[in-house]
Amino acid sequence: MNKKRSTNIEIQQFFSLQITLQTLSDTNRTYTHRSPSKEQVTNFQSYKLAYISDYIIYLEKHICRTTALHFLTVDQQMKAMTPAIKKGMKEWFTQFVEWIQTSPVAAEENAAKNNHGLAYDVQLTAYALYIGNKELAIQILKEFPAKRLFSQIEPDGKQPLELERTTAFGYTLFNLTHMLDMSFIGATEGIDIYNAASEDGRSITAALKFTIPYIGKPQSEWPYQQIKEWDKKQDEACWVLRKASFFDPKAGYEAIGAKYRTTSASSRLNLMYSLE
C-alpha cells in the first residue's frame with residue numbers, strides 16, 4: 001500500500017471516529033468513565049479523544065502544516081469531508097468545548113496537578129483552535145509552561161506525581177507525550193512550548209534527560225515501580241524520542257529510539273511520525 005493511499009485511509013478513519021463521537025449525548029460525556037462502584041467519575045480523559053492528538057500531529061506534518069482540526073475546515077477537496085461531516089463535527093466540538101469549561105467533572109480534571117490537568121489543557125487547546133476560538137487557545141498556550149510544565153517537572157527532570165504511580169515509567173512517558181503534543185500545537189501558533197524553561201531548569205528537555213538513561217535497560221535498573229508492561233513502555237519511550245527529535249534533531253534522540261524501537265513496520269506510527 002503506498003503512502004498516499006495509507007494517508008487517505010487514516011483520514012477516513014479519523015472522520016469515522018468523529019461521526020461516532022458526534023452521537024454522544026451530554027450524559028455519555030459525563031458518565032462514560034464512571035465506575036459502577038463509585039459516586040464520582042474517576043477519569044475524564046477519553047482515550048478515543050486522546051487519539052485525536054495523534055491525528056493532529058500526523059496531519060500537521062504530512063498535509064498542510066497547521067493544526068489538524070483546523071485542516072478539516074480549510075481543505076475542501078477531501079472527498080471524505082462532506083458538508084454533513086464538517087457541520088456535525090463543528091457543532092459537536094463547539095458543544096464539547098463548552099462542556100469542558102462548565103462541567104463539574106471537567107473542572108476536577110482542570111484542577112488536577114498531574115497528567116490529568118496537563119492533558120485537559122492539551123485537549124481544550126486543540127478543540128478551541130478547531131472551532132475558531134483562537135483567543136482561548138492562545139491564553140492556554142501562554143499559561144501552559146508556568147501552570148503545567150514547571151509545576152510538574154523538577155529541575156532534575158523528575159515528574160514526582162507520575163513517579164508515585166505503580167506504573168511510574170509508563171505515566172512519565174504518558175505525560176511527556178502530552179507535553180510534546182502541546183509543543184506541536186503551540187508551534188502552529190508561534191508559541192514555543194518545547195523550549196520553555198524555568199530559571200531553575202524545569203523543562204521538557206530536563207524531563208527527557210531524566211528518562212533516557214532507562215531506555216533499553218532492564219526493569220531492575222528503574223528505581224521506581226512499573227508493575228507491568230515494561231517492554232511495551234520501552235517501545236513507547238522510543239516514540240517519545242521520535243516526537244522530541246522534531247524539535248531538537250541534533251540532540252540524538254532518534255538514534256537512541258531507533259536502537260531500541262520494536263514497533264512493527266506496519267504500524268501507523270511509522271506514517272504518523274515519519275522522518276521522510
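See the structure above.
Residues numbered from 1 in each chain as written. Predicted model: local features only at pLDDT ≥ 70, side-chain atom pairs only at ≥ 80, totals over all residues. Heavy atoms only, no water.

**Quick notes on the overall build of the chain**
Helix and strand counts for the chain stand at 14 helices and zero strands. Put simply, the chain runs from its N terminus to its C terminus through helices and strands in the order α-α-α-α-α-α-α-α-α-α-α-α-α-α. Across the 276 residues in the chain, those meeting the buried criterion constitute 51%. The contacts in the chain between residues at least 6 apart in sequence include a share of 70% that link residues at least 24 apart. On the chain, roughly 13,400 Å² of surface is accessible, and the fraction owed to carbon and sulfur atoms is 51%. (Helix = DSSP H or I, 4+ residues; strand = E, 2+ residues; numbered from the N terminus. Buried < 20%, exposed > 50% of the residue type's maximum accessible area, 1.4 Å probe, protein only. Contact = heavy atoms within 4.5 Å. Areas by Shrake-Rupley, 256 points an atom, 1.4 Å probe, with all protein chains shown as cover.)

**With respect to the packing of aromatic side chains**
A ring pair, where both rings are aromatic, is described by two values, the distance of the centres and the angle of the planes. A full pass over the atoms with the stated rule returns 18 aromatic pairs. Each ring, one from W222 and one from W230, has its centre 6.4 Å from the other, and the planes form 45°; the classification is tilted. What makes W222 buried here is its relative accessible area of 4%. What makes W230 buried here is its relative accessible area of 8%. (Phe/Tyr/Trp six-rings, centres within 6.5 Å; stacked < 30°, edge-to-face > 60°.)

**Details of the packing of helix 10 (residues 168-188) against helix 12 (residues 230-247)**
At a closest axis distance of 10 Å, the pairing of helix 10 and helix 12 adopts a crossing angle of 20°. One finds that helix 10 runs roughly parallel with respect to helix 12. With respect to the hand of their crossing, helix 10 and helix 12 are arranged in left-handed fashion. Here F169, G170, L173, L176, T177, L180, D181, S183 and F184 of helix 10 lie close against helix 12, whose contacting residues are W230, K233, Q234, E236, A237, V240, K243, A244, F246 and F247. Residue classes in the contact of helix 10 with helix 12 are distributed as eleven nonpolar, four polar and four charged. (Axes fitted to C-alpha atoms, helices over the stretch in contact; angles between N-to-C directions. Parallel < 35°, antiparallel > 145°, perpendicular 65-115°, else oblique. Left-handed = near helix turned anticlockwise from the far one by under 90°. Nonpolar A, V, L, I, M, F, W, Y, C, P; charged D, E, K, R; others polar.)

**As for the nonpolar core**
Ranked by size, the top nonpolar core spans 55 residues in total, and within it L149, I193, I204, L208 and W222 carry the most contacts. Broken down by secondary-structure element, the contributors of at least two residues to this core are helix 5 (83-102), helix 7 (115-131), helix 8 (134-152), helix 10, helix 11 (204-211) and helix 12. Ranked by residue count, the leading element in this core is helix 7, at nine residues. Look past the residues within four positions of I204 in its chain and what remains in contact with it is L149, I153, L176, M179, L180, S183, I193 and Y194. (Core = buried A, V, L, I, M, F, W, Y, C linked by side-chain atoms within 4.5 Å.)

**Quick word on the environment of Y253**
Within the secondary structure, Y253 is located in helix 13 (residues 253-260). Between the C-alpha atoms of Y253 and K209, which are 44 residues apart in sequence, the distance is 9.9 Å. For Y253, the residues in contact, after removing those within four places along its chain, are Y194, T205, L208, I212, L241, A244, S245 and D248.

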